[in-house]
Amino acid sequence: MGKEEQVEEREVLDSIFPDEIQDISDSEFRISILLDIINDDGDDSEQPTMLLQVKYPEAYPDEAPILDILATPNAAPHPYFSVGADRESLLEGLKDTIEENMGMAMIFTVVSTLKDNAEQLIAERQGAARDEHEQKLLAAEREENKKFHGTPVTPETFKSWRADFRKEMEEARIKDEETEEAAEKKKNRGKDTVVPLTGRQLWERGLAGKIEEDEDFDMPETMEKLKVDS
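(A) Spotlight on the overall build of the protein. Helices and strands together make up the secondary structure of the protein, namely 7 helices and 4 strands. Helices (α) and strands (β) of the protein occur, in sequence order from the N terminus, as α-β-β-β-β-α-α-α-α-α-α. Counting over 230 residues, the protein shows a buried share of 23%. Restricting the contact set of the protein to residue pairs at least 6 apart, pairs at least 24 apart contribute 55%.

Here it is, written out as structure tokens:
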């Protein structure tokens, strides 16, 4: 009874897959499966293919067929599908179909299930790749927007800015004084010159109000004369 059912199924399969089926022996054959994939824009990958190898045990269909999935020779690699990497998960996905169809010719159903599962696997990977690409674009956009919005002002950022600003102003003041001193030395042919401090400089250095008059200070003669004449 099993052999008759196997022959009948093979005849049906030959009519459904006239160009895709290849005999290995009376009880073993391969079916080439072309996956229908919609590529994303910019993806010129060829449609992936695989081979389902089927071997009838003597008691088939009362006994499960022996299945394997093989890569198509010379097939172009696909970015989202690899027979070598996906073989085990795809075979695992056929177990329920086989169990549900025990006692009946099932190879066409197995081929359909395998094709659907592989196409779904690729679609999920395409979706994940699109999501990742969109996240990268959003991250790049956020970075670009930072150039226009600047850094939000908070008490912490203002305190840091104020400290940096004061430091820069102090460094600029010291540099200006050194520049002025160097210019005076050059003007006086390298001799040290006492540059009178301005009122602001006295205040910044804490000298305002601390200059004591010299007790032995002699008033110039001209000043005394002016004093007397007045």
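So that's the structure; there's more coming.
(B) How the structure looks around the pairing of strand β4 (residues 66-70). In β4, alternate side chains face the same way, and those of Leu67 and Ile69 are buried while those of Ile66, Asp68 and Leu70 on the opposite face are not. Relative to β4, strand β3 (residues 49-55) runs antiparallel, the two being bridged by 5 bridges. Within the sheet, the bridge partner assigned to Lys55 lies in β4 and is Ile66.

(C) Examining a nonpolar patch on the surface more closely. Side chains of Val153, Phe158, Trp161, Phe165 and Met169 sit close together on the surface and give an oily, nonpolar patch of about 560 Å² of accessible area. If you trace the backbone, Val153 turns up in the loop between α4 (107-149) and α5 (155-187). Residue class for Val153 comes out exposed when judged on its relative accessible area of 70%.

(D) Here's a closer look at the sheet that holds strand β1 (residues 21-25). The antiparallel open sheet is built from 4 strands, whose spatial order is β1-β2-β3-β4. Only two strands of the sheet have a single partner each, and these edge strands are β1 and β4. On average, each strand axis in the sheet is tilted by 20 degrees relative to the strand beside it, whichever way the strands run. In this structure, β1 lies alongside strand β2 (residues 28-34), joined through 4 bridges in antiparallel fashion. Paired with Ser25 across the two strands is Glu28, which belongs to β2. With respect to the sheet, helix α1 (residues 2-16) is in contact with β1 and β2, its orientation differing from that of β1 by roughly 145 degrees. The strands touched by helix α2 (residues 83-92) are β3 and β4; relative to β4, the strand with the most contacts, the crossing angle is about 155 degrees.

(E) Examining the packing of aromatic side chains more closely. For the structure on display, the rule yields 5 aromatic pairs. On the numbers, 5.6 Å between centres and 70 degrees between planes, the contact of Phe29 with Tyr56 is edge-to-face. Here Tyr56 lies in the loop between β3 and β4 and Phe29 lies in strand β2, a separation of 27 residues in the sequence. Judged by its relative accessible area of 5%, Tyr56 is buried. Pairing Trp161 with Phe165 gives two aromatic rings, centres 5.3 Å apart and planes at 15 degrees, and the pair type is stacked. Residue Trp161 and its partner Phe165 are located together in helix α5, separated by 4 residues, close to a single helical turn. These aromatic residues form a ring-pair network of at least three members: Phe29, Tyr56 and Tyr60. Here the basic side chain of Arg10 rests over the ring of Phe29, its NZ or CZ set 4.6 Å away from the ring centre.

(F) Examining the nonpolar core more closely. Counting 28 residues, the largest nonpolar core has Met50, Leu52 and Ile107 as its most contacted members. Looking at this core, the elements that each hand over two or more residues are β2, β3, β4, α2 and α4. Looking at this core, the element that brings in the most residues is α4, giving 6 residues. Residues contacting Met50, with those up to four places away along its chain left out, are Ile31, Ser32, Ile33, Leu35, Ile69, Leu70, Thr72, Phe81, Val83, Leu90, Leu114 and Ala118.

(G) Expanded view of α1. Over its 15 residues, α1 runs 21 Å from end to end, which matches the ideal 21 Å to within 8%, given 1.5 Å per residue. Along α1, the positions that sit buried rather than exposed are Gly2, Gln6, Glu9, Arg10 and Leu13. Along α1, the residues classed as buried sweep out an arc of 105 degrees about the axis, all on the same side. With respect to the buried face of α1, the exposed residues turned more than 90 degrees away are Glu4, Glu8, Glu11 and Ser15.

(H) Molecular detail of the side chain of Glu9. Mapped onto the fold, Glu9 is located in helix α1. A polar contact is formed between the side chain of Glu9 and the backbone nitrogen of Ile107, at a distance of 2.9 Å.

The rules behind the values
- Residues numbered from 1 in each chain as written.
- Predicted model: local features only at pLDDT ≥ 70, side-chain atom pairs only at ≥ 80, totals over all residues.
- Heavy atoms only, no water.
- Helix = DSSP H or I, 4+ residues; strand = E, 2+ residues; numbered from the N terminus.
- Buried < 20%, exposed > 50% of the residue type's maximum accessible area, 1.4 Å probe, protein only.
- Contact = heavy atoms within 4.5 Å.
- Pairing = 2+ DSSP bridges.
- Patch = residues over 30% accessible without salt bridge, like charges linked within 9 Å, V, L, I, M, F, W, Y side chains within 5 Å.
- Areas by Shrake-Rupley, 256 points an atom, 1.4 Å probe, with all protein chains shown as cover.
- Salt bridge = Lys/Arg side-chain N within 4 Å of Asp/Glu carboxyl O.
- Axes fitted to C-alpha atoms, helices over the stretch in contact; angles between N-to-C directions.
- Phe/Tyr/Trp six-rings, centres within 6.5 Å; stacked < 30°, edge-to-face > 60°.
- Lys NZ or Arg CZ within 6 Å of the ring centre and 35° of its normal.
- Core = buried A, V, L, I, M, F, W, Y, C linked by side-chain atoms within 4.5 Å.
- Expected span 1.5 Å × (residues − 1).
- Arc of directions from axis to C-beta.
- Polar contact = N/O pair within 3.5 Å; in protein donor to acceptor, adjacent residues only side chain to side chain.

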